[in-house]
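# Topology and contacts: notes
Below are the chains, spelled out letter by letter.
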Amino acid sequence: MRLFTFLLIVIIGLLAASCEKVIDVNLKNASPVLVIEGVITNRTDSQIVKINRSVPFGEPNVFPEVSGARVTVTEVATGRIVTIRERRPGYYMARNFTGRSGSAYILKVEVDGQTYTASSTMPGQVNIDSLGVSVSNFLGEEQKTVQLLFSDPGKERNYYRFLLKINGVASQNIYVYDDSFSNGRAVTRELFDFDLNANSGDKAEIEMQCIDPVIFRYWQGLDQNQNRGGASTAPANPVSNISNGALGYFSAHTRQTELIVIP
Amino acid sequence: MSPAKPSYFYTTLKQILILVMGVFSLNSIAQNRYSINGTIKDSVSGETLIGATIKLQEIARSGSASNTYGFYSVSAVSGEYTMSVSYTGYQTSIRKVILERNLTLDINLAPNALLKEVVITGKSSNAQISDPQMGVEKLNMESIKNVPVLFGEKDILKTIQLLPGIKSAGEGNSGFYVRGGSSDQNLILLDEANVYNASHLLGFFSTFNSDAIKDVSVYKGGMPSQYGGRLASVVDIRMNEGNRNRFTAEGGVGLIASRLKLEGPINKGRGSFMVSGRRTYADLFLKLSSDTTLKSSQLYFYDLNAKANYRINDKNIIYMSGYFGQDVLGLKGTFSLDWGNTTATVRWNHIFNEKIFSNTTLIYSDYNYAIENFDNRSDFKVTSIIRDWNLKQDYQYFASNRHTLRFGLNGNHHRIRPGSISSSSTSSINDREIEKRNGIELAAYISDEWKLQNFNLVYGLRLSSFSLVGPGRVFSYDKQGNVNNVKNYNAGRLIKSYAFLEPRISASYQFNSSRSLKLSYTRNTQNLHLLSNSTAALPTDLWVMSSNNIRPQIADQVAMGFYQNFRNDSYEISAELYYKGMQNQIEYRNAANLRGNENVESELLYGDGRAYGLELFIKKRLGDFNAWIGYTVSRTERRFDEISDGNYFPSKQDRTHDVSLVGIYKLSKRWTLSGTFVYNTGNAITFPSGKYTIDGRTMFYYTERNGYRMPDYHRLDLSATLEGKQGKRYQSNWTFGFYNAYNRHNAYTIDFRDNPDNPTQTQAVQTALFGIIPSVTWNFKF
């Protein structure tokens with residue numbers, strides 16, 4: 001899809017000097033909705049649930065935290081129930097608990113007399129084999145792009161999410177990938193970000209997550225809303241795996257982070 | 001209907017046809033009637049004229065029109081008559097005929113250079129009043145040559161967007177929406193061949209090179225029963241046949257493209273040919289760029305139209321025509337994307353006798369694309385093709401002056417190969433082939449145009465069927481889109497079939513020679529559906545066929561129209577009111593994946609639609625100043641269980657008001673000025689009503705589908721044509737134009753994002769596509 005968006009931009013750019021301007025749009029103010037972002041990983045200290053609320057479009061990006069929720073995670077196979085405690089307003093974290101590949105987890109959040117639940121299964125881990133940097137020239141500008149290489153297991157469907165930080169600044173792009181075109185192959189992914197140019201000496205941090213298919217689709221939905229590129233399908237709230245009308249998601253995934261200094 | 005049945009079905013149909021022909025012939029047998037038939041042509045070029053009016057002046061309302069091959073037939077009891085043949089833009093031919101046996105009379109009409117009339121439609125003066133057909137617009141290319149267009153490239157698909165009820169799909173786009181239908185619901189025919197992707201360069205140009213086009217008819221409603229397969233409209237485009245009298249060349253040089261057309265007689269006018277080509281050269285400018293990436297990129301299209309015909313004898317004419325067009329787009333060493341249409345049509349006109357005209361057509365049509373990625377570790381090539389083989393047999397039976405019958409059969413085999421992926425061994429992409437699909441459309445139709453005193457009627461019936469046939473692995477899905485059954489079918493095995501009876505009725509009541517009222521009811525079905533999640537006509541949009549999951553789309557349209565001419569037919573006014581109900585419309589699940597997905601049918605949602613509106617049209621068609629004003633007020637809505645709680649929501653084609661003004665003024669012998677102005681209120685669109693944060697990113701919260709409106713759109717285009725000094729054989733002209741003359745920045749998209757200068761705030765950003773664009777074109781002819 002990116003290729004086509006890119007093509008469209010190139011063509012439009014060539015045909016005419018397209019022009020952008022900030023405008024006022026009179027948008028309705030939707031009443032606040034609960035947003036839950038829950039993550040269970042195979043690494044310690046990253047079992048985190050954030051709870052806050054949405055705000056109207058015209059307001060600053062300050063999202064009211066929701067305190068005092070009762071948050072638990074159940075490991076389905078063992079029946080173990082872990083209480084996730086509030087460490088600071090709206091930020092809930094479990095210590096002494098680590099997720100495992102192959103396990104299903106159920107999140108339960110009770111707040112203001114309402115109960116929200118979700119489940120997610122942590123896939124097996126696929127490791128980054130190596131990192132690299134590719135150099136391309138576009139419109140006279142040299143662009144360095146971080147690449148990662150991994151071997152996709154051929155026996156199962158795999159879904160990935162990648163995160164990129166350059167000198168501590170996180171890319172706002174959503175990088176998700178599935179193996180529908182490359183099952184069982186050695187895969188190279190380029191984490192291209194037009195706004196985040198990597199220069200020699202910069203430190204790039206890459207995280208690879210193996211996510212479940214429902215979460216893959218969730219991120220894809222968010223990405224389609226963000227990267228419209230003239231898409232005619234109406235944007236819509238991505239389908240959440242959380243019940244009871246909350247926004248957000250609950251994802252059990254593996255994590256691997258690697259560092260590279262841009263040559 | 002199973003595939004074994006058609007033979008039985010056709011036998012029955014044949015019996016019905018014989019019966020019907022018998023009934024309609026009765027009156028001609030009872031009296032001593034004779035008929036006159038022949039072909040009507042332009043006396044200079046020898047091109048046949050479509051829709052010329054033939055009248056025997058002694059008989060009230062004896063009007064008949066020449067068909068798409070210029071053939072006509074009128075009949076009367078023996079006697080002496082004054083026969084007049086008229087066609088707008090031509091001198092009316094009047095002659096005495098003594099009718100005491102059947103006559104064949106070919107008529108040449110001289111183009112009328114003396115009459116100061118800029119032709120806007122090819123219809124004769126009051127045809128709009130007397131013709132029972134409603135919801136139709138006929139344009140000949142001569143009439144639109146002065147209408148200003150983007151980049152100075154004459155484009156029939158953009159010009160028809162200035163007519164009421166036909167809306168542009170986007171800025172500078174050749175895609176269009178008719179009466180609330182989506183752009184894939186338009187049946188676009190080039191010499192009867194279905195053109196799947198009628199656009200070049202992502203929609204900024206249509207595939208129709210105006211040099212090669214003779215005549216266009218657009219049906220917005222009341223489609224005659226010989227057409228079928230799409231819900232919203234029929235755009236029937238006919239190519240030029242070529243000059244029968246002498247060899248000529250014409251062409252043009254513009255900012256974007258150049259054109260050349262050659263035509264001439266074959267074997268002293270027994271036949272003729274026409275070849276017309278066009279190529280854009282935007283990429284030649286890229287070569288001038290200092291940037292190496294741009295320098296090595298490709299961005300162009302070309303197309304070629306060719307047609308030839310040959311009159312074997314008085315009863316048989318053979319036509320062959322073809323179109324080949326290709327778009328090439330690429331960045332050297334990075335990727336390439338090529339796509340194109342090919343059509344070929346072979347037709348055989350056979351005149352059985354003075355009353356029965358037959359046309360047999362064999363059509364080949366394909367649309368294909370190839371994407372290539374050259375990146376060495378993820379290289380791949382995707383190819384996709386849609387291919388039709390279509391056989392049609394049409395009869396026109398001029399039974400009497402009261403009845404003209406049309407009937408015919410049609411069989412069309414479709415094959416869609418959605419995508420075949422190949423790659424090198426070092427690539428991270430696997431080779432794969434998404435399964436081909438085969439479908440067969442069969443249709444039989446009959447219609448009668450029945451003329452009474454003041455009441456005229458075209459009524460007919462189309463029986464259509466669609467069958468999806470094997471081989472294939474066919475999936476079924478549950479409500480959530482998960483596979484719940486897989487079944488394998490062998491080659492030729494029937495997977496699923498559908499059959500429909502489609503009534504088509506259009507009637508007019510003529511109060512007097514300048515006022516009429518018309519009513520119509522039409523049912524249309526559609527078995528090929530375009531899945532697209534882009535605004536621009538991306539060449540990679542996916543066509544799918546009706547199947548066990550996708551049901552045929554159905555539209556029922558009723559319309560009523562009022563027509564009035566003033567001042568000796570120099571002004572026309574019309575008002576048409578329509579309501580259309582649609583079934584089995586298609587939307588997509590959230591985050592639908594349409595590319596390389598063998599389960600693409602699981603990504604679809606099905607619902608209903610409705611569209612209604614009023615179209616007003618005023619036209620001044622004679623004199624130095626010609627103009628029209630079109631106004632449409634309309635609504636288009638859809639209802640899906642899974643969207644907006646099952647309530648009706650505005651579809652993306654919905655916009656309330658549309659106004660278009662077109663004016664052409666002949667200032668002097670050499671200068672013609674023209675202008676168009678369009679104004680429309682915004683299309684329905686989905687905007688966020690709130691925002692929230694996910695993983696440190698601002699995300700937007702949507703509460704309703706298409707609950708907002710884009711800003712109003714308006715634009716003025718101007719153009720001026722200067723005719724060069726007329727040489728004996730050589731003519732030339734210059735056309736100067738301004739698209740978007742007052743440089744209005746109309747919103748193409750509105751996006752929402754964090755303010756880059758202040759990340760604690762969000763903002764709405766409007767992107768405009770085209771500012772003012774000047775153009776100049778030089779045309780020549782000799």
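Our structure's up above, just so we're on the same page.
Residues numbered from 1 in each chain as written. Chains lettered and ligands numbered in written order. Predicted model: local features only at pLDDT ≥ 70, side-chain atom pairs only at ≥ 80, totals over all residues.

## A few points about the sheet that holds strand β1 (residues 19-23) of chain A
In any sheet, the strands associate via hydrogen bonds between backbone groups, in a parallel or an antiparallel arrangement. Across the sheet, 3 strands lie side by side as β1(A)-β50(B)-β49(B); this open sheet has antiparallel pairing. Looking at strand neighbours, the two that pair on one side only are β1 of chain A together with β49 (747-755) of chain B, the edges of this open sheet. On average, adjacent strands in this sheet sit at an angle of 30° to one another, irrespective of strand direction. Direction of pairing for β1(A) relative to strand β50 (residues 758-768) of chain B: antiparallel, over a ladder of 5 bridges. (Pairing = 2+ DSSP bridges. Helix = DSSP H or I, 4+ residues; strand = E, 2+ residues; numbered from the N terminus. Axes fitted to C-alpha atoms, helices over the stretch in contact; angles between N-to-C directions.)

## Things to note about the environment of Ala747(B)
Locating Ala747(B) in the fold gives a position in strand β49. With near-sequence residues (within four places) excluded, Ala747(B) lies in contact with Met710(B), Pro711(B), Gln766(B) and Ala768(B). (Contact = placed C-beta atoms within 7 Å.)

## Some remarks on the interface of chain A and chain B
A common way to state how big an interface is: give the accessible area lost once the parts meet. With 65 residues of chain A at the interface, the matching set in chain B holds 68 residues. For the side of chain A that touches chain B, the leading source of residues is helix α1 (residues 2-15) of chain A, giving 8 residues. For the side of chain A that touches chain B, the class distribution of residues is 37 nonpolar, 21 polar and 7 charged. (Nonpolar A, V, L, I, M, F, W, Y, C, P; charged D, E, K, R; others polar.)

## Some thoughts on the nonpolar core
Judged by nonpolar contacts, the single largest core of 81 residues is most densely connected at Ile156(B), Ile160(B), Ile213(B), Val235(B) and Ile237(B). Ile213(B) has contacts with Met141(B), Ile156(B), Phe208(B), Ile237(B), Met239(B) and Asn240(B), leaving out every residue within four places of it along the chain. Ranked by size, the runner-up nonpolar core spans 54 residues in total, among them Leu34(A), Tyr105(A), Tyr159(A) and Val187(A). (Core = buried A, V, L, I, M, F, W, Y, C linked by C-beta atoms within 7 Å. Buried ≥ 20, exposed ≤ 12 C-beta atoms within 10 Å, placed from the backbone.)

## Thoughts on helix α2 (residues 213-226) of chain A
Residues lying three or four places apart along an α-helix face the same way, a consequence of the helix completing one turn every 3.6 residues. Residue and element names in this part refer to chain A. Spanning 14 residues, α2 covers 20 Å between terminal C-alpha atoms, matching the ideal 20 Å at 1.5 Å per step. Burial within α2 is extensive, with 10 of its 14 residues counted as buried. The complete set of buried residues in α2 reads Ile215, Phe216, Arg217, Tyr218, Trp219, Gln220, Gly221, Leu222, Gln224 and Asn225. (Expected span 1.5 Å × (residues − 1).)

## Examining unusual backbone geometry
Residue and element names in this part refer to chain B. Residues Gly470 and Pro471 are joined by a peptide bond in cis, for which omega reads 10°. With respect to the helices and strands, Pro471 occurs in the loop between β29 (455-469) and β30 (472-477). For Asp645, which is not glycine, the phi dihedral falls at a positive 55°. Looking at the element boundaries, Asp645 is found in the loop between β39 (625-639) and β40 (648-650).

## Topic: the pairing of strand β25 (residues 380-397) of chain B
Residue and element names in this part refer to chain B. Here 18 bridges tie strand β24 (residues 356-373) to β25, and the two strands are oriented antiparallel to one another. Counted as the bridge partner of Asn359 is Asp394 from β25. If you look at the hairpin formed by β24 and β25, you'll find 6 residues sitting between the two strands. Bridge count for β25 against strand β26 (residues 403-422) is 16 bridges, and the pairing is antiparallel. Looking at the pairing, Asp394 lines up with Gly408 of β26. Here β25 hands over to β26 after 5 residues, the two strands then running antiparallel side by side.

## Some words on the pairing of strand β18 (residues 248-253) of chain B
All names here are of chain B. The sheet contact formed by β18 and strand β19 (residues 257-266) spans 6 bridges and is antiparallel. By the bridge assignment for β19, Gly251 is matched with Leu260. Taking the residues that link successive antiparallel strands as the turn, the β18-β19 hairpin has 3 residues.

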